[in-house]
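# Topology and contacts: notes
Listed below are the residues making up each chain.
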Amino acid sequence: IKAYTWHQYEFIRPEDKEIAKLIAFFQSIVAAELIDHIEILLQFKRNYLNIQFRKSPDLVNWVRLYSTQSNKFSEYEMPSVTWGVVQGRKERLVSKVIICDYLKTLGIITDELEDIELPSTVDVMRERVEFLQKLGLTIDDMNEYPLMLGCSVRKNVIPVLGYLEKVGIPRPKLGEFVKSYPQVLHASVVVELVPVIKFLRGLDVEKEDIGYVLQKYPELLGFKLEGTMSTSVAYLVSIGVNPRDIGPMVTQYPYLLGMRVGTMIKPMVEYLVSLGLPKKILARMFEKRPYIIGYDLEETVKPNVECLISFGVSKEEIPSMIAQYPQILGLPLKAKMSSQQYFFNLKLKIDPEGFARIVERMPQIVSLHQHVLMKPVEFLLARGLAAGDVANMVVRCPQLLASNLGIMKNSYYFFKSEIGRPIRELVEFPEYFTYSLESRIKPRYQRLQSKGIRCSLAWFLNCSDKRFEERLQNDRFETESSGPTFNMGGKLELPGSYNVTDVEDDSEDEVLYRRTVSL
């Protein structure tokens, strides 16, 4: 209705000369005033369709009646919240043109402002622009979201910014916050912002962390509580995430509250379970590193798993590797694997199969800098070990490459001066360098010396304190055994005929997680 003048309605027949003349006369009186209520035109058609307007004695009275009736319409009597004054339609159009011209002189594109309510004077609009500029917003920022110019400084902007500062966003950061999420200026503090903050506090997000969470993910303020946020939390709890850990997870990675369960979280969980990771293990992983949930399943996670297999990594070892180093799912893995494989072959003469075994035992190796990797290697070579022996030590125990060089030196000198064994024993048991000198190697070696026992390094180091005491009490020596193994889809098995659940009270998933993430 607002878009048409009197002569543009189809039901007025242009061939009716009498009506056409009356329309032209009426137009000259109302001066292009747009139609407000279709009822006026209907009544006009009903009363005057068959009247010769030249002979009509009621013409003048009728025109007076309907040309002034628009002043009685309720929309002209309703004051605007933003304007603060009552304006007619003509005045509004004129004011909008003037204000848009002013904004154009500032470099602001006004195309999106044509359909929204603007203030009645240039002074009010100038106040809004200057206020936003004082916050740190530029003309370019306003052009990114020009609708912010429709927000009243006193009734919209100041209450919102005051509340954001109250919940923990520093005043100097408010401008950046508005730049990243300008829609917040339209929000109602009581109806929209306060419930979101209460929801976060209900998840055990610490009060002092609220500001940090909002700055990291401002779009949270636009979510509905009963929508994505609630369902994502409910699903994570259903797979075993401790409800008390949801708060720290949100603090570390608030984006999880905006992830849809059906399209993002659930497919990721189901895929990782299909690889052999129990949900309980996934829950522990998510609690410690919630950003894993945000990895792109199709673009990153699946290609990375396929990449590991293509480099010779056993599919059965992949669940253990993910549990030990979950970040491997989100790395640019192909480039890193290619670079490290070439490095190991060039510097240590380790073939691709040996490199695959190294990655299986220590997946973190793909992210270590090559100059860091070479320091332990150079130390061992300088002690007289052959390059082939060092390569074998690295394949057997890749953790050597992540050892602290100072600690490694102390352990080596203790081995040479106190233990006094052939260096060949270090080649056969390179894990020696991964044990603490002060808390394990020295005390246990002194116990052996006091009892006059001579044994291999593995025999007295590769066991728990309780098992070591039992070995000292036995009259016969046991053969050394390998560490725990992880079978895809099965239990964590120890060497021998029993598994972990036969000797531990904890669940198998808890034991698996504790053992596979204990570097």
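Scroll up for the structure.
Below you will find a few notes about this structure. Everything numeric in this text was worked out from a predicted model, so none of it was measured. (Residues numbered from 1 in each chain as written. Predicted model: local features only at pLDDT ≥ 70, side-chain atom pairs only at ≥ 80, totals over all residues. Heavy atoms only, no water.)

## Quick look at the pattern of salt bridges
Spelled out, the test is: We define a salt bridge as a side-chain nitrogen of Lys or Arg found within 4 Å of a carboxyl oxygen belonging to Asp or Glu. Throughout this description, buried means an accessible area under 20% of the type-specific maximum (1.4 Å probe, protein chains only), exposed means over 50%, and partly exposed covers the range between. Only DSSP runs of H or I covering at least 4 residues are called helices, and only runs of E covering at least 2 are called strands; the numbering of each starts at the N terminus.
Tallying each qualifying case throughout the model produces 15 salt bridges. With a closest N to O distance of 3.2 Å, glutamate 165 and arginine 171 form a salt bridge. Note on arginine 171: relative accessible area 57%, which makes it exposed. Two residues, arginine 444 and aspartate 465, come together in a salt bridge whose shortest N-O distance is 2.6 Å. A residue pair is termed long-range when its members are at least 10 positions apart, and arginine 444 in helix H24 (residues 437-451) and aspartate 465 in helix H26 (residues 465-473) qualify at 21 residues. A relative accessible area of 4% places arginine 444 in the buried class. Judged by relative accessible area, which is 53%, aspartate 465 ranks as exposed. If you follow the salt bridges from partner to partner, you end up with Asp141, Glu176 and Lys179 in one network.

## Looking at a negative patch on the surface
The following threshold applies: Residues enter a patch when their relative accessible area is above 30% and they make no salt bridge; the linking distance is 9 Å between like charges and 5 Å between nonpolar side chains (Val, Leu, Ile, Met, Phe, Trp, Tyr). Surface exposure here means Shrake-Rupley accessible area, sampled with a 1.4 Å probe, where a residue is shielded only by the protein chains that are shown. Charged residues are defined here as Lys and Arg on the positive side and Asp and Glu on the negative side; His and the ends of the chain fall outside this count. Charge positions are represented by NZ for Lys, CZ for Arg, CG for Asp and CD for Glu.
On the surface, Asp111, Glu112, Glu114 and Asp115 cluster together to form a negatively charged patch. Mapped onto the elements of the fold, glutamate 114 is located in the loop between helix H5 (89-106) and helix H6 (122-135). What makes glutamate 114 exposed here is its relative accessible area of 51%.

## Considering the side chain of glutamate 431
Note the cut-off: By the criterion applied in these results, polar contacts are pairs of N or O atoms within 3.5 Å in which, for protein atoms, one can donate a hydrogen and the other can accept it, and in which residues neighboring in sequence qualify only through two side-chain atoms. Any two residues having at least one pair of non-hydrogen atoms within 4.5 Å are treated as being in contact.
Here glutamate 431 is to be found in the loop between helix H23 (424-428) and H24. The exposure class assigned to glutamate 431 is buried, which follows from its relative accessible area of 18%. Among the polar contacts listed, one links the side chain of glutamate 431 to the side chain of arginine 396, at a separation of 3.2 Å. Setting aside its immediate chain neighbours within four residues, glutamate 431 contacts Arg396 and Cys397.

## Details of helix H18 (residues 333-348)
Quick reminder of the rule: Helices are assigned an expected span. That span is 1.5 Å times one less than the residue count. In this description, one arc is meant: the one made by directions from the helix axis to the C-beta atoms.
The end-to-end C-alpha separation of H18 is 21 Å, in line with the 22 Å expected for 16 residues at 1.5 Å each. All of the buried residues in H18 are Leu333, Met337, Gln340, Phe343, Phe344 and Leu348. The arc that holds the buried residues of H18, viewed along the axis, is 130 degrees, so those residues lie on one side. Set apart from the buried face of H18 by more than 90 degrees, the exposed residues are Lys334, Ala335 and Tyr342. Those residues of H18 hidden inside the fold are in contact with helix H16 (297-310), helix H19 (352-361), helix H20 (370-382) and helix H21 (387-396). Downstream of H18 by one or two residues, lysine 349 has phi in the positive range, about 60 degrees.

## Looking at the state of the cysteines
The following threshold applies: The criterion for a disulfide is a pair of cysteine sulfur atoms lying within 2.5 Å.
All told, the structure shown has 0 disulfides when counted by the stated rule. Just so you know, cysteine 455 is unpaired, no disulfide at all, and the nearest cysteine sulfur is the one on cysteine 463, 9.2 Å from it. Since its relative accessible area comes to 9%, cysteine 455 is described here as buried.

## Overview of the packing of helix H14 (residues 261-275) against helix H15 (residues 279-288)
What counts is decided by this rule: Geometry is summarised by axes, namely lines fitted to C-alpha atoms with helices restricted to the contacting stretch, and by angles between N-to-C directions that run from 0 to 180 degrees. Orientation labels follow simple angle bins: below 35 degrees gives roughly parallel, above 145 gives roughly antiparallel, 65 to 115 gives roughly perpendicular, and whatever is left gives oblique. For any helix crossing, the convention is left-handed if the near helix is rotated counterclockwise from the far helix by under a right angle, and right-handed if that rotation is clockwise. Note on residue classes: Ala, Val, Leu, Ile, Met, Phe, Trp, Tyr, Cys and Pro are nonpolar, Asp, Glu, Lys and Arg are charged, and everything else, Gly too, is polar.
Closest axis-to-axis distance for the H14/H15 pair is 10 Å, and the angle between their directions is 125 degrees. Between H14 and H15, the interaxial angle falls into the category oblique. Two packed elements cross with a definite hand, and for H14 against H15 that hand is right-handed. Here Val269, Leu272 and Val273 of H14 lie close against H15, whose contacting residues are Lys279, Leu282 and Phe286. Split into classes, the residues belonging to the contact of H14 with H15 amount to 5 nonpolar, no polar and 1 charged.

## Concerning the nonpolar core
One recurring pattern in soluble globular proteins: nonpolar side chains tend to sit buried together. Put simply, the rule is: What we call a nonpolar core is a set of buried Ala, Val, Leu, Ile, Met, Phe, Trp, Tyr and Cys residues that are connected through their side-chain atoms within 4.5 Å.
Among the nonpolar cores identified, the biggest contains 140 residues, and Leu149, Leu214, Leu221, Leu236, Phe344 and Tyr432 are the most heavily contacted of them. Considering each element in turn, this core owes the most residues, 7 residues, to H14. Residues in contact with phenylalanine 344, not counting those within four places in the same chain, are Lys349, Ile350, Phe355, Ile358, Ile365, Leu373, Val394 and Leu401.

## A word on the packing of helix H8 (residues 153-166) against helix H10 (residues 189-202)
Direction vectors running N to C along H8 and H10 enclose 15 degrees, while the axes themselves pass 11 Å from each other. If you check the angle between H8 and H10, you find them roughly parallel. Between H8 and H10 lies a crossing whose hand is right-handed. The segment H8 lies against H10, with Pro159, Val160 and Tyr163 engaging Val189, Leu193, Val194 and Ile197. Residues of the contact of H8 with H10, tallied by class, amount to 7 nonpolar, no polar and no charged.

## Let's talk about unusual backbone geometry
Residues other than glycine seldom take positive phi values, yet aspartate 204 does so here, at roughly 75 degrees. Take aspartate 204: it is sitting in the loop between H10 and helix H11 (210-216). Within the chain, lysine 349 stands out as a residue other than glycine whose phi angle is a positive 60 degrees. Inspection of the secondary structure assignment puts lysine 349 in the loop between H18 and H19.

## Description of the side chain of serine 152
Within the secondary structure, serine 152 is located in the loop between helix H7 (139-144) and H8. Of note is the side chain of serine 152, whose polar atom sits 3.5 Å from the backbone nitrogen of arginine 154. If we ignore the near neighbours within four places in the chain, the residues touching serine 152 are Arg128 and Val157.

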